Amino acid sequence: MKTHDFEQYLERLKQALSGVNHASLDAAVDALMECHLAGGAIYIIGNGGSASTATHMACDLSKGPTPIGGKGLIVWSLTDNPALLTAIGNDLSYTHIFSEVIRQRMKPLDILIAISASGNSPNIVEGLKAAKAIGCKIIGLTGFSGGILAKEADIQLHAADNTYGPVEDVHMICNHYLVEKLKERFATL
């Protein structure tokens, strides 16, 4: 890649980051802390690269803010059990791989973090519907036009780009920002 190509990518990344609403980031931190203090859990879903982001987020949110010897956030990436995902996909449909687990496990004080560049992946939309029916708060990480997820999420973190690379980069930057802010909050408990 030529230097100017990389500079162009960085410009696109800056543009994508400019779409993230700072108040929404703060609202996400508040929601995650409220969930923790109420004894709730955080569940994260995504497909493809967003599934990897879900796993990364679950690790970071579980470990990053937690003081040594302290009690941290309870975080589960629903992408991390391929046997369960494929069993549900085989017995029901791929569209329900998240919604079935959400119906079984989530409680009203829990939070669903749904990650989808398009915001329209059928299994993400079904997971969103299942969590909403329980009364859970939804944090949506989106890109492109935002899709259904952007319209239905309680808190939206939107990357303003129409390609996967910058959108997924912004989602990871949001993750790392949330971890930093939560670490600050945990230090005051």
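Residues numbered from 1 in each chain as written. Predicted model: local features only at pLDDT ≥ 70, side-chain atom pairs only at ≥ 80, totals over all residues. Heavy atoms only, no water.

Colleague: Help me out: how do you make sense of the nonpolar core in this one?
Modeller: Side chains of nonpolar character tend, in soluble globular proteins, to be buried together. Counting residues in hydrophobic clusters, the biggest one holds 34 residues, and the most contacted among them are Ile-42, Ile-44, Leu-61, Ile-113 and Ile-139. The residues touching Ile-139, leaving out its near neighbours within four places in the chain, are Ala-28, Leu-32, Ile-111, Leu-112, Ile-113, Ala-114, Ile-155 and Leu-157. Ala-41, Ile-102, Ile-124 and Ala-131 belong to the second largest nonpolar core, which has 21 residues in total. (Core = buried A, V, L, I, M, F, W, Y, C linked by side-chain atoms within 4.5 Å. Buried < 20%, exposed > 50% of the residue type's maximum accessible area, 1.4 Å probe, protein only. Contact = heavy atoms within 4.5 Å.)

Colleague: Would you mind showing me how to read the packing of helix α3 (residues 49-63) against helix α8 (residues 164-187) here?
Modeller: Each pair of packed helices gets described by two things: the angle between the helix axes and the distance between those axes. With their axes 10 Å apart at the nearest point, α3 and α8 run at an angle of 10 degrees to one another. One element, α3, and the other, α8, form an angle in the roughly parallel class. Between α3, through Gly-49, Ser-50, Thr-53, His-56, Met-57, Asp-60 and Leu-61, and α8, the contact on the second element is made entirely by Glu-168, His-171, Met-172, Asn-175, His-176, Leu-178, Val-179 and Leu-182. Looking at the contact of α3 with α8, its residues break down into six nonpolar, seven polar and two charged. (Axes fitted to C-alpha atoms, helices over the stretch in contact; angles between N-to-C directions. Helix = DSSP H or I, 4+ residues; strand = E, 2+ residues; numbered from the N terminus. Parallel < 35°, antiparallel > 145°, perpendicular 65-115°, else oblique. Nonpolar A, V, L, I, M, F, W, Y, C, P; charged D, E, K, R; others polar.)

Colleague: Would you mind going over the pattern of salt bridges with me for this structure?
Modeller: Opposite charge on two side chains makes pairing possible when the charged atoms of those side chains draw close. Overall, the coordinates contain six salt bridges when judged by the stated rule. Linking Arg-185 and Asp-30 is a salt bridge whose minimum nitrogen-to-oxygen distance equals 2.5 Å. Pair noted here: Arg-185 is in helix α8 and Asp-30 is in helix α2 (residues 22-37), with a separation of 155 residues, a long-range link. (Salt bridge = Lys/Arg side-chain N within 4 Å of Asp/Glu carboxyl O.)

Colleague: Would you mind showing me how to read the packing of α2 against α8 here?
Modeller: It is at 10 Å that the axes of α2 and α8 come closest, and there the two elements cross at 50 degrees. Judged by the angle between their axes, α2 and α8 are oblique. The hand of the α2/α8 crossing is right-handed. Of α8, the residues touching α2 (which contributes Leu-25, Asp-26, Ala-28, Val-29, Asp-30, Leu-32, Met-33 and His-36) are Cys-174, Tyr-177, Leu-178, Lys-181, Leu-182, Arg-185 and Phe-186. (Left-handed = near helix turned anticlockwise from the far one by under 90°.)

Colleague: Is there a simple way to think about the environment of Leu-37 in this case?
Modeller: Turning to its location among the elements, Leu-37 is positioned in helix α2. Overall, the relative accessible area of 59% leaves Leu-37 in the exposed class. Each C-alpha atom of the pair Leu-37 and Gly-72 lies 10.0 Å from the other, and the pair is 35 residues apart in sequence.

Colleague: Would you take a moment to explain the environment of Ile-97 for this structure?
Modeller: On the secondary structure map, Ile-97 appears in the loop between α4 (82-91) and α5 (99-105). By relative accessible area, which is 2% here, Ile-97 ends up buried. Put simply, Ile-97 and Leu-85 are twelve residues apart on the chain and 5.4 Å apart in space, counted from C-alpha to C-alpha. Residue contacts for Ile-97: discarding those within four places in its chain leaves Leu-85, Ile-88, Gly-89 and Asn-123.

Colleague: I would appreciate a short explanation of helix α6 (residues 122-134) in the present structure.
Modeller: Owing to its 3.6 residues per turn, the α-helix brings residues three or four apart onto one side. The terminal C-alpha atoms of α6, which comprises 13 residues, lie 19 Å apart, in line with the 18 Å expected from a rise of 1.5 Å per residue. For α6, every residue scored as buried is listed here: Asn-123, Ile-124, Val-125, Glu-126, Gly-127, Leu-128, Ala-130 and Ala-131. Tucked inside the fold, the buried residues of α6 contact β1 (41-45), α5, β3 (111-116), β4 (137-142) and α7 (147-152). (Expected span 1.5 Å × (residues − 1).)

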